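Observations on the model geometry
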Amino acid sequence: MNAIQVQDLRKTFKVQKNREGLKGAFADLFKREFTEVTAVKDISFTIPQGEICGYIGENGAGKSTTIKMLTGILVPTSGSLSVGGYVPYLEREKFVRNIGVVFGQRSQLWWDIGVIESFQLLRKVYRVSEQDFKKRLDELVERLELQELLNRPVRKLSLGQRMRCELVAALLHNPSILFLDEPTIGLDIVVKSEIRQFLKDMNREHGTTILLTTHDLQDIEALCSRVIMLDDGRIIYDGGLEDLKQRWGTGREVLFQFGNPTKLEQLEHWTTGMPVVWSAENELGAKVWIPLDLNVSDVLGRVVGQADITDIKIIETNTDDIVRSIYQSGSAEKPDEMAAALKDEREALHV
Amino acid sequence: MSDKLETAVSSSAGGSSAGGPQESSRRLLMGAYLDFIRIRFLTMLAYRVNYYSGILIYSLNIGVNYFTWMAIYGKGESLGGFSATQMTSYVAVSWMARAFYFNNLDREISTDIRDGSIAIQFIRPYNYVLVKMMQGLGEGIFRFMLFMIPGMAIAMLLFPVQLPTELSAWVGFLVMLFFSFLINSQINVITGLSAFFVENNEGMMRMKRVVVDLFSGLVVPISLFPGWLSSILNFLPFQAITYLPGSVFTGRVQGVGIWNVLGVQVFWFLVLLIPIIWLNHAARQRLFVQGG
Amino acid sequence: MYYFGLINEYLKNYIKSRLTYRADFWVEVVSDLLFQATNFIFILVIFMHTDSLGGWNQNEVVFVYGFFMVPFGIFSCFVNLWGFSERYITKGEMDRVLTRPAHNLFQILLENIDPPSLFGSLIGLVIMGISGANLGLPFEWWTIPALIVLSLSAVAIYTGIYTTLTSLSFYSDAPTGILPLMYNIQTYGRYPVTIYNRAIQVLLTWVIPFAFVGVYPAALFLQRDEMKGMALLTPAVGAVFLAIGLLAWNYGVKRYKGAGS
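Residues numbered from 1 in each chain as written. Chains lettered and ligands numbered in written order. Predicted model: local features only at pLDDT ≥ 70, side-chain atom pairs only at ≥ 80, totals over all residues. Heavy atoms only, no water.

1. Concerning the side chain of Thr 143 of chain C
Inspection of the secondary structure puts Thr 143 of chain C in helix α8 (residues 143–167). With near-sequence residues (within four places) excluded, Thr 143 of chain C lies in contact with Pro 138 and Phe 221 of chain C. (Helix = DSSP H or I, 4+ residues; strand = E, 2+ residues; numbered from the N terminus. Contact = heavy atoms within 4.5 Å.)

2. Focus on the confidence of the model for chain C
Taken over all residues, the pLDDT of chain C has a mean of 89, while the share at 70 or more is 96%. Interface confidence in the predicted complex, given as ipTM, is 0.81; pTM for the same model is 0.81. (pLDDT = per-residue confidence, 0-100.)

3. Focus on the nonpolar core
Counting residues in hydrophobic clusters, the biggest one holds 196 residues, and the most contacted among them are Ile 4 and Phe 179 of chain A, Trp 69 of chain B together with Tyr 196 and Phe 210 of chain C. Counting residues in each nonpolar core, the second largest holds 65 residues, with Leu 121, Val 141, Cys 224 and Ile 236 of chain A among its members. (Core = buried A, V, L, I, M, F, W, Y, C linked by side-chain atoms within 4.5 Å. Buried < 20%, exposed > 50% of the residue type's maximum accessible area, 1.4 Å probe, protein only.)

4. Brief notes about the environment of Lys 287 of chain A
Residue and element names in this part refer to chain A. For Lys 287, the location among the structural elements is in strand β12 (residues 285–291). As a C-alpha pair, Lys 287 and Phe 256 span 31 residues in sequence and 6.2 Å in three-dimensional space. With residues up to four places along the chain from it excluded, the contact list for Lys 287 reads Glu 253, Val 254, Leu 255, Val 277, Trp 278, Ser 279 and Glu 281.

5. Topic: the pattern of salt bridges
What the rule picks out here adds up to 40 salt bridges over all chains. Where Arg 96 of chain C meets Glu 93 of chain C, a salt bridge forms, and the shortest distance between an N and an O atom there is 2.5 Å. On the criterion of helical spacing, the pair formed by Arg 96 of chain C and Glu 93 of chain C is a turn pair, its members being three residues apart in helix α5 (residues 93–98). Three or more residues are tied together by salt bridges with common partners; here these are Arg 40, Glu 108, Asp 112, Lys 132, Glu 139 and Arg 143 of chain B. (Salt bridge = Lys/Arg side-chain N within 4 Å of Asp/Glu carboxyl O.)

6. Looking at unusual backbone geometry
A negative phi angle characterises most non-glycine residues, just as the trans form characterises most peptide bonds. Residues and elements named next belong to chain A. With phi around 50 degrees, Asp 8 is a residue other than glycine that occupies positive phi space. Turning to its location among the elements, Asp 8 is positioned in strand β1 (residues 2–17). Residue classification places Asp 8 among the partly exposed positions, given a relative accessible area of 39%. In this structure, Glu 145 is a non-glycine residue whose phi angle is positive, near 55 degrees. Looking at the secondary structure, you find Glu 145 in the loop between α5 (130–144) and α6 (159–171).

7. Describing the UniProt feature "transmembrane region" (unreviewed entry) in chain C
Residues and elements named next belong to chain C. The UniProt record marks residues 33–50, 62–84, 118–137, 144–165, 199–222 and 229–251 with the feature "transmembrane region" (unreviewed entry), using the residue numbering of this structure. Between the C-alpha atoms that bound residues 62–84 the distance is 33 Å, and the span itself is 78% helix and 0% strand. In this annotation, residues 199–222 is assigned 67% helix and 0% strand; the end-to-end C-alpha distance for the span is 25 Å. (UniProt positions renumbered as here; feature names shortened; annotations may be inferred.)

8. As for the interface of chain C and chain A
Chain C puts 30 residues into the contact, and the matching count from chain A is 31 residues. Counting each side, the surface lost to burial between chain C and chain A is near 2,800 Å², with a carbon and sulfur contribution of 56%. Considering only the side of chain C, the residues that lose the most area to chain A are Thr 99, Arg 100 and Pro 101 of chain C, jointly responsible for 22% of the buried surface there. Where Lys 68 of chain A meets Asp 95 of chain C, a salt bridge forms, and the shortest distance between an N and an O atom there is 3.1 Å. Where chain C touches chain A, the interface holds nine residue pairs in polar contact (both at pLDDT 80 or more). Mapped by element, the contributors of at least two residues to the side of chain C that touches chain A are α1 (2–18), α5, α6 (104–111) and α12 (228–254) of chain C. At eight residues, α1 of chain C tops the list of elements feeding residues into the side of chain C that touches chain A. Tallied by class, the residues present in the side of chain C that touches chain A amount to eleven nonpolar, nine polar and ten charged. (Buried area = accessible area lost by both parts, 1.4 Å probe. Polar contact = N/O pair within 3.5 Å; in protein donor to acceptor, adjacent residues only side chain to side chain. Nonpolar A, V, L, I, M, F, W, Y, C, P; charged D, E, K, R; others polar.)

9. Quick notes on the packing of helix α2 (residues 48–73) of chain B against helix α6 (residues 128–158) of chain B
Packed helices, taken two at a time, are described by their axes: the angle between them and the distance between them. Residues and elements named next belong to chain B. At a closest axis distance of 8 Å, the pairing of α2 and α6 adopts a crossing angle of 50 degrees. Classed by the angle they form, the pair α2 and α6 counts as oblique. Between α2 and α6 lies a crossing whose hand is right-handed. Across from Asn 50, Tyr 51, Gly 54, Ile 55, Tyr 58, Ser 59 and Ile 62 in α2, the residues of α6 making contact are Phe 142, Arg 143, Leu 146, Phe 147, Met 148, Pro 150, Gly 151, Met 152, Ile 154 and Ala 155. Considered class by class, the residues forming the contact of α2 with α6 number twelve nonpolar, four polar and one charged. (Axes fitted to C-alpha atoms, helices over the stretch in contact; angles between N-to-C directions. Parallel < 35°, antiparallel > 145°, perpendicular 65-115°, else oblique. Left-handed = near helix turned anticlockwise from the far one by under 90°.)

10. Quick notes on the domain arrangement of chain A
Per the domain assignment, the segments making up chain A are domain 1 (2–239) and domain 2 (251–316). Taken over C-alpha atoms, the centre of domain 1 of chain A sits 47 Å from the centre of domain 2 of chain A. (Domains from an automatic or database assignment.)

Written out as structure tokens, the structure reads:
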């Protein structure tokens, strides 16, 4: 079953234009000018139940607007969507009982009173029975180690502590779909990895579907099996993280350390017929670039028997680089051309 | 704002040979201060809904006050030295004045203090209090020109409000109005800066508003208060905001009396500078020594 | 039932967070009352110079003033939309409200509940009692029920007008400065509307019906027969304006644009 189904979703905002200067301001008093901005341009995707999906894109790409439509906050301009079996904006109050939402930059907890009081209130708001609430709270508190924090007012919590409490607040009613908007923003590495682990466990144990937006690609690498990438309101990539790396990674690099000086010509000679590129690091080191369609082991096989090797290091292209290059090209449609361009660039460097 | 500042930079750079660097930087700063007026004016202008409803509500205010006083006068004898006609123009004028002198500087300043942004304001190369006054002036000019004048025009069409016709009365009124603005803003600044020393000055701000509305003569002309109260009010700055200029404008005070009124306003303006300078100094001390 | 439970829960949280700042509570009570005192002093001063305002004597005008305070206190306590545009639209808290399973306006009202205002209602009752006794008004079996019904109708009128105005902030991104101006206008409902000219009377009766939160309903207790019909209309006007307010609000929420992107 699909948790989220989106078809040709579009959102257009009317933005007021402010004319410049005093004259412009007076003119605006009597006649306003508007420009239409389409934040989300006819996107379609489906997310099956139990999947963790990363929703990424640069600032202003339309991520937040999509999330807000999926959670029922905004009414779409056109297109259809179904989340957990509901049309979010039509039956909002019924619908939101099945979802949890965390906005990383905003708190849903009461500032001045103990965290537990906020939880109690949310229990009433979400109509969770006392028993279910207790069971669920105990589980979450133990898992996120919040025992000592429960009676502290939110204003006395650190950002990391607060974020863990926000997660509890969003999960008390055991939602089947969880939306996270920048859940790890501003947190330190320890808390980040704790939260990632927690989300992963929750997805495994309860089958919770998770859609998260983030600028931190480590989140994506740690959590998501699937990535949807947005640029200027359009989906430019939708698929597995591995696929993304496959399509966009231009190849791998292997770094050799030799026991005695090895000439570049010698290395090239050993790999004749293979589309690889060698470069020398220093007298005792060399690097080889291997395109994706070639097995690393084949290349290694040719070298290992011949040279005196002290160390080998395989370097994968990391997601950060891939994403950056996609953003720069503005499209994931033609990876081949881009890859070729990248390769040319590399070759140029090696010459 | 930045483009205006830039043009100020280039023009003063050209003239620096004549005035010297000191002179030109002073002129630059003056330009910046004037710009605060302009920016606030433009900001107010940006809110269209506020503008239209503002005119409507201002004319309604004048109308309601007019009829209330007509009902109070009933058969038209005089109250507290005001004839019915004088009273109606007094009411109209005091609301017109309020449009100009009213601002929320107290609230703005105490918000700046409470959220800590005042620290940034204090390290900028301008005088914070002066900037606030300029912003208040921008707001006043806006309300006066765009709420009050149209509001008054509508009110005069609908109700028989009478305003003086001599030019001199208007010139005098505008000068006194400017002092009304200064004195009221000074009181606001003092109330606002008190947030540095009082934990919650919300109560103070509300109290100040009631006191100013009541004791400045906006709600009731001071001469209508019981004798003991009006004689106390003679020694307070509030009458200089509405009551005194209003009395001049309605022709109740004439000749030398006019200069006396102006003198009282200047006096209070100077006196109120003292606590502001002191508070500003103390606030800086507190901010930089104790770190907010 | 669900919503009553929530009121209770929100009130508890209000009290808990307020216990931290106890002094503020009294500051708020006192300054609230002071605000209202301006008009009271106006009435007192006026009647030092005259003994009738459009045919109403001092005790009658003071009685209307007292009645006015009752629904106003209740309204200010439960329908506090002052900072809405700033807090919920500009700072984006509306997003959070919309992702919770209770009616959004209801949540917002509960989050901004302001019990100190109820002191105003209490003082209003006292003022009504004193001036009513001075006038020798009879205390009938229907006095209390009528007071309750008329006060609640007046609260409905306030709520309708202010939610309509507040819902404007869904359409324009400008913070609305109309509310404070409206605040001025509503006090005019405290005086016998017959002193105003026809246009203002119509305005205060049918367009922004603040006459129905003060002088009309109070006239019922004052046995002023010329306004009795209007007094009895109060619940109907309340229902109509509340409905307009809620419609405007719900429509506005659909047009909500969210803060930032």
